[in-house]
Amino acid sequence: AQSVSQHNHHVILSEAASLELGCNYSYGGTVNLFWYVQYPGQHLQLLLKYFSGDPLVKGIKGFEAEFIKSKFSFNLRKPSVQWSDTAEYFCAVMTSYDKVIFGPGTSLSVIP
Amino acid sequence: DSGVTQTPKHLITATGQRVTLRCSPRSGDLSVYWYQQSLDQGLQFLIHYYNGEERAKGNILERFSAQQFPDLHSELNLSSLELGDSALYFCASSVADRGDAGELFFGEGSRLTVL
């Protein structure tokens, strides 16, 4: 069965620190990859997506992610986090069976 | 505002009861996805409809059913409710069934509490 795992359940960083959130998926076919963010009290919204082409994709608010096919990974990065980045981050995979499977989420807390 | 509307926002009911959650997708979106989010399970994919037809099923219990109507709104029916069904139920919509669009737009969720 398809699944998505995220390396960290909860990450705590100081402002200006660099961020990397790990995501791995298990599915052998073609996938579309996403990172979604859920700010406190808000709905999930898209940060960035990968469908094809350049494996390094840039999203909103300075986030980027790199797709490494051989490692089935799609890690999210940001060089310098801000307090406003405090949120829950979800990696997601869309498979050819029209399913969008989400990882368990990583809670990021940024300390001013 | 994502453009996806879910009602009710909060619902409290008793075990054994039946509830219906409603989702209105963004204007023009043909796909509706339902997810269950609980503290210990994360976001669990339940079911996907595209233009009225079921496209994919996830970990949806037999006590749960869904449908998408001709006007594209969708309903998730939960019956014989158990305490463990308490969760946040999200609906998301997308313009396509898959492919280059792909981005899901989420509603704010319906929080179900079963007592």
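An account of the accompanying structure is given in this report. (Residues numbered from 1 in each chain as written. Chains lettered and ligands numbered in written order. Predicted model: local features only at pLDDT ≥ 70, side-chain atom pairs only at ≥ 80, totals over all residues. Heavy atoms only, no water.)

To continue, consider the state of the cysteines. Summed over all chains, the structure comprises two disulfides over all chains. Each sulfur of the disulfide joining A:Cys23 and A:Cys91 lies 1.9 Å from the other. A torsion of -65° about the S-S bond marks the disulfide between A:Cys23 and A:Cys91 as left-handed. Of the two residues, A:Cys23 is situated in strand β4 (residues 23-26) and A:Cys91 in strand β10 (residues 87-94); the sequence distance between them amounts to 68 residues. In this structure A:Cys23 comes out as buried when scored by relative accessible area, which is 0%. Disulfide pairing places B:Cys23 opposite B:Cys91 at an S-S distance of 1.7 Å. Its S-S torsion of approximately -45° makes the covalent link between B:Cys23 and B:Cys91 left-handed. (Disulfide = S-S within 2.5 Å. Helix = DSSP H or I, 4+ residues; strand = E, 2+ residues; numbered from the N terminus. Buried < 20%, exposed > 50% of the residue type's maximum accessible area, 1.4 Å probe, protein only.)

Next up on the list: the nonpolar core. Counting residues in hydrophobic clusters, the biggest one holds 50 residues, and the most contacted among them are A:Trp35, A:Tyr36, A:Tyr89, A:Phe102 and B:Tyr35. Tallying contributions element by element places β10(A) first for this core, with seven residues. Ranked by size, the runner-up nonpolar core spans 20 residues in total, among them B:Val4, B:Leu21, B:Val32 and B:Tyr49. (Core = buried A, V, L, I, M, F, W, Y, C linked by side-chain atoms within 4.5 Å.)

Moving on, we get to the pairing of strand β9 (residues 87-94) of chain B. Residues and elements named next belong to chain B. The buried fraction of β9 is high, at eight of eight residues. Where burial is concerned, the two faces of β9 agree: the one with Ala-87, Tyr-89, Cys-91 and Ser-93 and the one with Leu-88, Phe-90, Ala-92 and Ser-94 are both buried. Relative to β9, strand β4 (residues 31-38) runs antiparallel, the two being bridged by seven bridges. Directly across from Trp-34, in β9, lies its bridge partner Cys-91. Of the pairings in the sheet, the one linking β9 to strand β11 (residues 110-114) comprises three bridges and is antiparallel in character. Of the residues in β11, the one forming a bridge with Tyr-89 is Ser-110. (Pairing = 2+ DSSP bridges.)

All names here are of chain A. Counting buried positions along strand β5 (residues 32-38) gives seven out of seven residues, so the element sits mostly inside the fold. Burial of β5 is two-sided: the residues Asn-32, Phe-34, Tyr-36 and Gln-38 facing one way and the residues Leu-33, Trp-35 and Val-37 facing the other way are all buried. Note that β5 and β10 share seven bridges and pair antiparallel. Note on β10: the bridge partner recorded for Val-37 is Tyr-89. Bridge count between β5 and strand β6 (residues 45-50): five bridges; the pairing is antiparallel.

Side chains that carry opposite charge are capable of pairing whenever their charged atoms lie near each other. Residue and element names in this part refer to chain A. Under the counting rule described, the total for this entry stands at eight salt bridges over all chains. Of the charged contacts, one joins Arg-77 and Glu-64 as a salt bridge, the two residues approaching to 3.6 Å between their closest N and O atoms. Here the residue Arg-77 occupies a position in strand β9 (residues 73-78), and Glu-64 occupies one in strand β8 (residues 64-68), the gap between them amounting to 13 residues. The partner of Asp-85 in a salt bridge is Lys-78, and the shortest N-O contact between them spans 2.9 Å. Overall, Asp-85 belongs to the buried group, its relative accessible area being 2%. Among the charged side chains, a network of salt bridges with common partners joins Lys-58, Glu-64, Glu-66 and Arg-77. (Salt bridge = Lys/Arg side-chain N within 4 Å of Asp/Glu carboxyl O.)

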